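# Fold and contact review
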Amino acid sequence: MTEPLSRRDWLATVGIAGAVAFRPTGAAAGTPAVVGSTPVRTVYQTGDIVELYSTSDVFTPARGNSYMRFSFDFPEPAVVFGGHRFSFLLFTDENTYAMDRSQMRSAGGDDALELTCSGLVWAGGQEKSAGTVTVRFARTGDTITWDIAVEMPRPIKSVTTVIRDVPRGKVSFGGGAPQDTRDGDLLGGYTFGAGDLHGGQTPQSMGTPVAIVQAGDADFRYFTTQDTRVRPKRYLFQAGERGFRTEAIYEHDAWRNDTRVAVPRWQMGRAASLEEAMAPHMAHIERAFNLQPWETRPDMPQWMRDVAMVTTLHGMHYTGFIFNDYARQLEILRWMATQIPAQRVLVFLSSWDGRYYWDYPNYVVPKRMGGDAGFTRLITEARAMGFRMMPMFGTNAANRKQPIWPKIAAGATHKIDGDRYDLNWVDWNNDRHQDGWLTYMNLGADAWRNYLEGRIAEVIERYQVDAYFLDIVGGHVNSTTGDMHEGTRRLVRDLRERFPAVVGVGEMPYDALYEFIPMFHAGGGGRWRKYARFYQHLSAPAPGRGSTGVHEWGFGRFNPETLGLNPNAIPTLQVVDDTFTTHRDTMSAIIAKAKARAGIT
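Once that is clear, we can look at the overall build of the protein. Along the backbone of the protein there are 10 helices and 32 strands. Overall, the protein is about 90 × 50 × 45 Å in size when its C-alpha atoms are taken along their principal axes. Going through the 601 residues of the protein one by one, you find that 58% of them count as buried. Residue pairs at least 24 apart in sequence account for 70% of intrachain contacts in the protein once pairs closer than 6 positions are excluded.

Structure representation (structure tokens):
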């Protein structure tokens, strides 16, 4: 005789949402939406405590792209609110914890609810632990918010909200184009892949922490945070037959060891279009990060507003190969001044300081490029013609083989679990092995920030440059050695106080960087043009064979029809070793396009 399935087994393998669905957020009471034929309110009421597991409501095994999962039913007891079932998971440096269902209590109604839990479980529910969870929910129309406070005997690393009964659909991360999950799972991380940009099982990188599900032509469900600081956020959309199991993950400050954490407010809602779904999030980050429109931001000198073209003059490759020494760069600029008003051109000096990345972080003028006299002459004569000059600095890369390393080693980035984060994902020398001599550095650590500020300041004072470029400044990592974003803000602020006319320019922006950096190398565009301007990446193929210059990408394909120009970026002219000697006609054509776009006659 076959024994009947227990309630636990049925929920774990089938899931209650396989039979029913909850009404859409904000739907009127008494008119619940249905999936199949069973209205949700015949099953649960607001405040119900529901037995669920990590395998509930999701394809097991996964049917498409998937991320690491437990190989058993991990408990995820949930509370019902606003047409969804909410579970909460806690993470320390050594384990995963869930709420003890027997210790969960709820009080409230459809518009406000408080969930309390006075105990935790681990080992898949086989063991118990001390700990408390308090969640306060609120609902106004189509919007649900929740605030979480947790406390444990051990320092808390991250807190996850699991939201069920999210309809399947295409998913947008950071306001980008929605993408089809194809019965698989999708993971996004803010910012810089939430610190896991490289290796296996990494998230898609998000420049701002908002995720949106397009459930229908005019049905967009958004998930956002009201955090006012730059901290990692992750969103996982795990597919089931009729809905997503959605994780909204908050990661706490890596340099703290807090046993009590108040998670910044989460918010979810519904809108008729992608842009309407983005609106609450954009309004929040404008307030939180003091974002100012490009036209009125106070840190913009007029010359930068007038830039019609950027030219990237490639210097010395990692191997020591010189594309253009200082004398050649000056020759190129003299010719360029006959083609376009020099004051309308920003000159990006990429790898002016020796072997690209290998000589980071010395930032001294190499003899092979022309020495101090050659660099001084380049900057002085180019500025006299009207050009604006911008040398490149690595925000977060230092070669441990350089003699300076012992003095700056305390500025190394260590991820939240303590492992040192190295910039080891490039094969610089083409031996088909990724090189590991670079360490990723943290401006939140005084040792590194003070050193880098000193090197930039010396170059500004000695050579009178107009701007400085911060390579990979958007590569935020939650480091145990300090707050990387606040360190970056302090670096730019301190340099601006010392040199008010000199501007910091960055690479790979995320939302909060727009507060104090007005121009970026790559990234952005679209809605972010409200706050900043962008020029093309130094690895964009140069005219001719498509050399990417000092960058590690080798050769790309230069498009002679578009001249390699991005319609959303300031026209950018890449100059490598043969550009000026062999492809001057293409240089002239790019300059003509830049002049036309800027209205220069």
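Mapped onto the secondary structure, Gln 536 falls in the loop between β31 (533-535) and β32 (572-575). Residue Gln 536 is classed as buried on the basis of its relative accessible area, which comes to 10%. Leave out the neighbours within four places in its chain, and Gln 536 touches His 521, Gly 564, Leu 565, Asn 566, Ala 569, Ile 570, Pro 571, Thr 572 and Gln 574.

With an omega of 0°, the peptide bond between Thr 60 and Pro 61 qualifies as cis. Here Tyr 360 and Pro 361 are connected by a cis peptide whose omega angle stands at 5°. Even without being glycine, Ser 351 reaches a positive phi, approximately 60°. By the secondary structure assignment, Ser 351 is in the loop between β24 (345-350) and α5 (371-385). Positive phi, normally seen in glycine, also occurs at Tyr 357, with a value near 70°.

Moving on, we come to the packing of aromatic side chains. Overall, the coordinates contain 43 aromatic pairs when judged by the stated rule. Ring geometry for Phe 88 and Phe 137: centres 6.3 Å apart, planes at 50°, overall tilted. Here Phe 137 lies in strand β12 (residues 132-140) and Phe 88 lies in strand β6 (residues 84-91), a separation of 49 residues in the sequence. As far as burial versus exposure is concerned, Phe 88 and Phe 137 are alike and both buried. Ring geometry for Tyr 514 and Tyr 531: centres 6.2 Å apart, planes at 45°, overall tilted. Highlighted residues: Tyr 514 in the loop between β29 (503-507) and β30 (519-521) and Tyr 531 in the loop between β30 and β31, separated in sequence by 17 residues. A cation over an aromatic ring shows up here: Arg 355 above the ring of Tyr 318, its NZ or CZ 4.9 Å from the ring centre.

One open sheet accounts for 8 strands, arranged β31-β30-β29-β28-β25-β24-β23-β32; its pairing is parallel. If you trace the sheet from one side to the other, it starts and ends with β31 and β32, each paired once. Going across the sheet, the axis of each strand differs from the next one's by a mean of 25°, ignoring polarity. Judged from the 4 bridges that link them, strand β28 (residues 467-471) and β29 form a sheet pairing that is parallel. Note that in β29 the partner of Ala 467 across the bridge is Val 503. Docked against the sheet, helix α10 (residues 584-598) engages β23 (309-314) and β32, running at close to 160° with respect to β32.

Thresholds, definitions, all that
Residues numbered from 1 in each chain as written. Predicted model: local features only at pLDDT ≥ 70, side-chain atom pairs only at ≥ 80, totals over all residues. Heavy atoms only, no water. Helix = DSSP H or I, 4+ residues; strand = E, 2+ residues; numbered from the N terminus. Buried < 20%, exposed > 50% of the residue type's maximum accessible area, 1.4 Å probe, protein only. Contact = heavy atoms within 4.5 Å. Phe/Tyr/Trp six-rings, centres within 6.5 Å; stacked < 30°, edge-to-face > 60°. Lys NZ or Arg CZ within 6 Å of the ring centre and 35° of its normal. Pairing = 2+ DSSP bridges. Axes fitted to C-alpha atoms, helices over the stretch in contact; angles between N-to-C directions.

So far we have only geometry, and geometry alone does not tell us how the molecule works.
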